[in-house]
Amino acid sequence: MPIARAGLIALSALFLLAALFSGWMFHEHYWRWRTCFNEIGRCFVPETGMVLTDSNFVWGLIAALTFALALLFWMWSRRVVR
């Protein structure tokens with residue numbers, strides 16, 4: 001396996017891990033509480049005492065971007081001369 005291909009596969013795995021982490025953060029900080037937000041974009045969680053804002057949807061954008069990069073590097077690694 002050429003070093004370039006191994007590097008691309010490693011980058012793909014790294015971005016996939018980042019996508020999984022970002023997706024988990026999106027779920028924990030936004031998706032679970034999406035019906036709780038009021039008109040000014042705030043949500044009080046009584047179990048934890050936290051106040052969430054609707055700006056946590058950014059975690060979903062980061063998850064989508066890192067997943068797209070993981071796919072891009074994986075597909076690129078398949079094209080490298082063997």
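Because the structure is predicted, anything quoted here is derived from the model rather than measured.

Trainee: Talk me through the nonpolar core; I want residue IDs and the actual numbers.
Mentor: Residues Trp33, Phe37, Cys43, Val45 and Leu52 constitute the largest nonpolar core, which totals five residues. Look past the residues within four positions of leucine 52 in its chain and what remains in contact with it is His29, Trp33, Phe37, Gly41, Arg42, Cys43 and Val45.

Trainee: I'd love a proper account of the state of the cysteines, names of residues and values included.
Mentor: Across all of its chains, the model carries one disulfide by this definition. For cysteine 36, the disulfide goes to cysteine 43, at an S-S distance of 2.1 Å. The chirality of the disulfide connecting cysteine 36 with cysteine 43 is right-handed, given an S-S dihedral of about 95 degrees.

Trainee: Hey, could you go over the packing of aromatic side chains for me, with residue numbers and the actual values?
Mentor: Describing an aromatic ring pair means giving the distance of the ring centres and the angle of the ring planes. Going through the model one piece at a time under the given rule, you end up with six aromatic pairs. Here phenylalanine 15 and phenylalanine 73 contribute two aromatic rings whose centre-to-centre distance is 5.6 Å and whose plane-to-plane angle is 10 degrees, an arrangement assigned as stacked. Of this pair, phenylalanine 15 sits in helix α1 (residues 3-29) while phenylalanine 73 is found in helix α2 (residues 58-79), placing the two residues 58 residues apart along the sequence. Looking at phenylalanine 15, the relative accessible area reads 22%, which means it is partly exposed. By relative accessible area, phenylalanine 73 is classed as buried at 14%. Measuring from centroid to centroid gives 6.2 Å for phenylalanine 73 and tryptophan 76, while their planes differ by 25 degrees, and the two rings are stacked. A residue pair is termed a helical-turn pair when its members lie 3 or 4 positions apart in one helix, as phenylalanine 73 and tryptophan 76 do in helix α2 at three residues.

Trainee: Talk me through the environment of glutamate 47; I want residue IDs and the actual numbers.
Mentor: The residue glutamate 47 is located in the loop between β1 (42-45) and β2 (50-53) in this model. It is 41 Å that separates the C-alpha atoms of glutamate 47 and isoleucine 9, two residues lying 38 residues apart in sequence.

Definitions and cut-offs
The residue count restarts for each chain, going from 1 along the sequence in the order it is written. Only residues with pLDDT of at least 70 get local features here, since the model is predicted, and only at 80 or more are side-chain atom pairs given and counted; chain-wide, interface and lining totals rely on the full set of residues. The basis for the side-chain values is all heavy atoms of the structure; hydrogens and waters are excluded. For this analysis, a nonpolar core means a set of buried residues of the types Ala, Val, Leu, Ile, Met, Phe, Trp, Tyr and Cys, connected via side-chain atoms within 4.5 Å. Exposure categories follow from relative accessible area, calculated using a 1.4 Å probe and restricted to protein chains: below 20% of the type maximum is buried, above 50% is exposed, and the middle band is partly exposed. The contact definition used throughout considers only heavy atoms, calling two residues in contact when any of these lie within 4.5 Å. Note on terminology: disulfide denotes any pair of cysteine sulfur atoms within 2.5 Å. For Phe, Tyr and Trp, rings pair up if their centres lie within 6.5 Å, where Trp contributes its six-membered ring, and each pair is then called stacked (planes under 30 degrees apart), edge-to-face (over 60) or tilted (otherwise). Under the DSSP-based scheme used, a helix requires at least four consecutive residues in state H or I and a strand at least two consecutive residues in state E, with every element numbered from the N terminus.

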